[in-house]
Amino acid sequence: MDLQFTKIHRRDREEVLSYFSECNQNTLIEACLIKDVGGTPSFSEHFGEQTSYDLAQTSTLNTKKVPPTRKSLSATKQKNVQIQRNIENIENIEITARSASKVLSIVEYKRKEDAIARSKAALDAREEQERVAFEAQLQAQRQAQELKSNKEQLQLLKEQEAFAAEHKQRKELQQQRLAQRLSLRDEQIKAVELLKKEAEAEHKKKIAEISACVKAVDQYFTQFSDVFHKIHHEFQSNQTLLSPLAVEVKPLNISMHSLIQRMKTEDVNKNDVEAAKNLCSKINLIYANILEEVAKAKKQAEEKELLKKQELEAQAQFKQNQAQPQDVTAFSVQVVKDSGSGDELSDCVARESLQWYRQLKILKQNNEKLFEQLIKDDSFKKYRFDCQKAVNIPVNAISPVNASHLRDKLQKLSHLLSGHPVVVGDGARVSAAQHPAGIPFCKDLLAKKFVKQGASTVSSKPEAAFAIAAVVVSLWQEFPDWGQLLLAHFHHECPYLVPVFWPQLEGQSNKDYYLSLGYTYNEDGEVEKQDKFLKRMSGIMRLYAAILITRLPRDKQTLPHPHDLGNGWRWLTALLNLEPRPDICASLLYDFLEVTGSSLLEQYGRQYRKLLVIICKGYFPRLQKIAISSSGPIVRLETFLQTILKQGSKPPVGLLPTNFW
């Protein structure tokens, strides 16, 4: 065993001794090299004395071999003392070879533990460093996040402040708008209240006007009734004498009763009062004529009685004195001459119609005087030409294509007569108000143009009359003075619309006479042929008759018609009371009845049928007596009368529908 122990490598011994020098008592106790104070078995009990000796020797040698330095002298002494104590403690301990191997194993194990401990310490240090670095990084991230969060909070705070400012501004704006709306609402309320007051005042005014109109119409109706009863009384006494005048009274009575009936369902206006006034004037005039006729008949009867008495006396004197009857004849002729004195035009025109004709003629002349200087001034030649284009272009384009087309032409003509600018082609514009006499000039041009359309367009195409009449009626309603001017031009071109049959005056040339009748002359001085004359008059009559029956547009149908069918009835009765003329009377009567017959039947009913009987049995035979052989107008009128007596009157061809515009 000693040999085995001596073979222990010197390095191992040095490591053991080096290790023992660094070990404390606890370590040796753990290695079982020294005895524990608490009774742990001694080293010699396990390993033997020899081992203890070798260890002591080795430890001594190791101590001598590694001398301490000056810097660690005190530490070395302490270690030596400790080693000496350890050696003293293990002097008697026996160490065996097996114990030495075990010691070496323990030493190796301890060294590994120390290495592991150092590695663990290094790892712990590294982990600590990493932890510190990580915490530092985490702290930096936290600081960065806090900084970012602070910035975001600051930005959010700024946005909130901006939003609050914007909200405040928006709220102020809303308050301003609300205040404006409230102010506007207050103004609107005040305006509505003002309008309401004005409407109430207007309503009261209208009620007062209606009451005044009703009262006035009642007064006129009372006057009319009184005169009508007087006429009726006179008619019962002199039926044969007053039959022609009675025909004129019945339409007036129908018109008055129609007006009274309309008062029960509609409001009365000034036009109704004016109509009632006109009816009273007309019936008063008729009553005056009746009284005049009665007085004249009474005077004639007295004269006849006186003449008869004188003749009887003359015959008695002749028998006695064989006197000649020349005195009686002369007296008789003188009496007839006296009885025929008075209005020399009584067989040519009714007194009322003549008065109406003269009023319109004066109106036409006065209007022509207004633009007389404009016609003479050559500097306004282009202006006159543009005005003529502004009239001719829309009038020539009038046709029943559709309602919008007709309204467009009406609007252009209405603007022209109102003085507004209108386009006359190529972008040029003209206004009737550019010259003081422009509007009267344009009104005269337009009136002439429409009459000319009747003479040219309607005479060739009768159904075209109704579209033209629609525009005429609307313009007439809007411009009443222009309507009267249009009538004056109608009478000038066709005096038979009055009706009047001018006689040839003493000293009047044939040309002037024919011109007064409506004939025209060509450049060679030749008078217009009869067929062309009748065709032209027929076109004018058809246009005039179409105006009588054409209704106003839907938006104006509450307004009174400016020249209604009552004027047509007046014309017809006036014509029948005059001695007929060849051709022209038959032609115009045919055209008038063909256009207005169905409307006359609808409005006058049985009165119109009676009038047709009078025409067939009384007036038409008189036409036949004066007619030229194979007269075309007489044949057409006869055929027409036979047709309507059998089949009734039918609406004319081309009449616009009620809801056309």
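Quick caveat: nothing in here was measured; it's all calculated off a predicted structure.

Caption draft 1: Summary view of the confidence of the model for the chain. With 79% of its residues at a pLDDT of 70 or more, the chain has an overall mean of 79. Low pLDDT, under 50, characterises residues 1–9; the stretch is placed with eleven contacts to residues that sit more than four places away or in other chains. Confidence drops under pLDDT 50 across residues 317–342; counting only partners more than four residues distant or on other chains, this segment forms eleven contacts.

Caption draft 2: Quick look at the nonpolar core. The biggest cluster of nonpolar side chains holds 107 residues, and the ones touching the most others in it are Phe450, Trp482, Leu486, Leu572 and Leu593. Among the elements that take part in this core, helix α19 (residues 530–549) stands out by supplying twelve residues, more than any other. Residues contacting Leu593, with those up to four places away along its chain left out, are Leu572, Tyr608, Leu612, Ile615, Phe640 and Leu641. Ala216, Tyr220, Phe224 and Cys280 belong to the second largest nonpolar core, which has 23 residues in total.

Caption draft 3: Highlighting the pattern of salt bridges. Summed over all chains, the structure comprises 18 salt bridges. The residue Glu135 makes a salt bridge to Arg131 at a minimum N-O spacing of 2.4 Å. Highlighted residues: Glu135 and Arg131, both in helix α7 (residues 97–237), separated by four residues, approximately one helical turn. When its relative accessible area of 36% is taken as the criterion, Arg131 is described as partly exposed. One connected set of salt bridges, linked through shared partners, spans Glu128, Arg131 and Glu135.

Caption draft 4: View of α19. Between its first and last C-alpha atoms α19 spans 29 Å; for 20 residues at 1.5 Å apiece the expected length is 28 Å, and the two agree. Among the 20 residues that make up α19, 16 are buried, leaving the element largely enclosed by the rest of the structure.

Caption draft 5: Local environment of the packing of aromatic side chains. The tally for this structure, following the rule as stated, stands at 14 aromatic pairs. Here the aromatic rings of Trp571 and Phe592 are separated by 4.9 Å at their centres, their planes lie at 45 degrees, and the arrangement is tilted. In this pair, Trp571 sits in helix α20 (residues 565–576) while Phe592 sits in helix α21 (residues 584–604), placing the two residues 21 residues apart along the sequence. You'll find Trp571 and Phe592 in the same group, each marked buried. A connected cluster of aromatic rings, assembled from ring pairs, spans Tyr496, Phe501, Tyr513, Tyr514, Tyr519 and Phe533. Here the basic side chain of Lys511 rests over the ring of Tyr521, its NZ or CZ set 5.4 Å away from the ring centre.

The rules behind these values
Every chain begins its residue count from 1, and numbering advances along the sequence as written. Per-residue local features are limited, in this predicted model, to residues with pLDDT of at least 70; the limit for side-chain atom pairs, both in listing and counting, is 80 or more; totals at the level of whole chains, interfaces and linings are taken over all residues. Values shown for side chains rest on all heavy atoms present in the structure; no hydrogens or waters enter the calculation. Note: pLDDT gives the predictor's confidence per residue, expressed from 0 to 100. Contacts are assigned to residue pairs with any non-hydrogen atoms lying within 4.5 Å of each other. Side-chain atoms within 4.5 Å link the members of a nonpolar core, which is a set of buried Ala, Val, Leu, Ile, Met, Phe, Trp, Tyr and Cys residues. Each residue is assigned to one of three classes by its accessible area relative to the maximum for its type, calculated with a 1.4 Å probe on protein chains only: buried under 20%, partly exposed between the two thresholds, exposed over 50%. Working definition: helices are DSSP H or I runs of at least four residues, strands are E runs of at least two. Numbering for both runs from the N terminus. The salt bridge definition used is simple: a Lys or Arg side-chain nitrogen within 4 Å of an Asp or Glu carboxyl oxygen. Multiplying one less than the number of residues by 1.5 Å gives the expected span of a helix. Only the six-membered ring of Trp is used, alongside the rings of Phe and Tyr, when aromatic pairs are assigned; centres must lie within 6.5 Å, and planes under 30 degrees apart are stacked while those over 60 apart are edge-to-face, with the rest tilted. Remark: a charge is flagged as sitting over a ring if the NZ atom of Lys or the CZ atom of Arg is within 6 Å of the ring centre and within 35 degrees of the ring normal.

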